[in-house]
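Next come the chains, spelled out residue by residue.
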Amino acid sequence: MGLSGKVPELVEAKSALRDHIPVIRRFTRGGTVIVDQGTIFVTLICNKDDVSDVRPFPRLIMSWSGQLYDEVFNGLANFHLRENDLRSYGFCLSYE
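Per chain, the residues get numbers from 1 upward, laid out in the order the sequence is written. Thresholds applied to this predicted model are a pLDDT of at least 70 for local features of residues and 80 or more for the giving and counting of side-chain atom pairs; totals over whole chains, interfaces and linings are not thresholded and use all residues. Hydrogens and water are ignored here; the side-chain numbers use all heavy atoms of the structure.

The name given to the protein in an unreviewed UniProt entry is BPL/LPL catalytic domain-containing protein, with Stylosanthes scabra as the source organism.

Okay, here's the thing in C-alpha cells:
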C-alpha cells in the first residue's frame, strides 16, 4: 500500500488474514498496487550532491533514472521509457 492508503478502504482484511496474503505499506508515495512473486521494488537513495543535475520533480527523476536503467539494461529486450513506466518485454518498472 502507498503511504497514505487506509486499510479499511483498500483491503478486505479478514480475507487477507484468512488467506495469508501479506499487505505491505511502502514508504514511497503512490497508490496501492497488486504484486506477485516476480515483482521487485527498487529504491534509489542518493546524496543530492551526487546527482546535482537532477531536480526533485517526478518527470525529471523518471527521465534521469530512465537513462540510468538504459545503461543497465543496454540491448536487453527492447527496454524503453513510456509514459510513467520503464518497460521491456516481460517487465515494467513503474513510477508512482
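Having seen the model, we can carry on.
## Looking at the overall build of the protein
Note the threshold: What counts as a helix is a DSSP run of H or I of at least four residues, what counts as a strand is a run of E of at least two, and both are numbered from the N terminus. To sort residues, take the accessible area from a 1.4 Å probe on protein chains only and compare it with the maximum for the residue type: under 20% means buried, over 50% means exposed, and anything in between is partly exposed. Per-residue and other accessible areas were derived by the Shrake-Rupley procedure at a 1.4 Å probe size, with only the shown protein chains allowed to occlude residues.
For the protein, the count of helices and strands is three helices and three strands. Going from the N terminus to the C terminus, the protein shows its helices and strands as α-α-α-β-β-β. Evaluated residue by residue, the protein yields a buried proportion of 18% over its 96 residues. Carbon and sulfur atoms form 56% of the exposed surface of the protein, whose accessible area is close to 8000 Å².

## Concerning a nonpolar patch on the surface
Worth spelling out the cut-off: Each patch is built from residues lacking any salt bridge and having more than 30% relative accessible area; the joining distance is 9 Å for like charges and 5 Å for nonpolar side chains (Val, Leu, Ile, Met, Phe, Trp, Tyr). Any Lys or Arg side-chain nitrogen found within 4 Å of a carboxyl oxygen on Asp or Glu counts as a salt bridge.
Side chains of I40, V42, L44, L68 and V72 sit close together on the surface and give an oily, nonpolar patch of about 460 Å² of accessible area. Here I40 lies in the loop between α2 (13-18) and α3 (58-72).

## A word on the pattern of salt bridges
Under the definition given, this model contains one salt bridge. A salt bridge links D19 to R18; its shortest N-O distance comes to 3.1 Å. What makes R18 exposed here is its relative accessible area of 57%.

## Some points on unusual backbone geometry
Even without a glycine there, the phi angle at H20 is positive, about 55°. With respect to the helices and strands, H20 occurs in the loop between α2 and α3. Owing to a relative accessible area of 71%, H20 belongs among the exposed residues under this scheme.

## Re α3
Heads up, the rule is: In this scheme, a helix's expected span is set at 1.5 Å multiplied by one less than its residue total. By construction, the arc corresponds to the directions joining the helix axis to the C-beta atoms.
Look at α3: 20 Å from first C-alpha to last across 15 residues, which is about the 21 Å you get at 1.5 Å a residue. Taken together, the buried positions of α3 are M62, S65, G66 and Y69. All buried residues of α3 lie within an arc of 120° about the axis, which places them on one face of the element. Opposite its buried face, α3 presents the exposed residues Q67 and E71, each directed more than 90 degrees away.

## Examining the environment of D53
Summarising the element assignment, D53 is placed in the loop between α2 and α3. Of the residues examined, D53 reaches a relative accessible area of 65% and is grouped as exposed.

## Side note on the confidence of the model for the protein
To be explicit about the condition: Think of pLDDT as the predictor's per-residue confidence, scored from 0 to 100.
Mean pLDDT over the protein works out to 76, with 72% of the residues at or above the 70 mark. Highest mean pLDDT in the protein belongs to α2 (94); lowest belongs to strand β3 (residues 91-94) (58).

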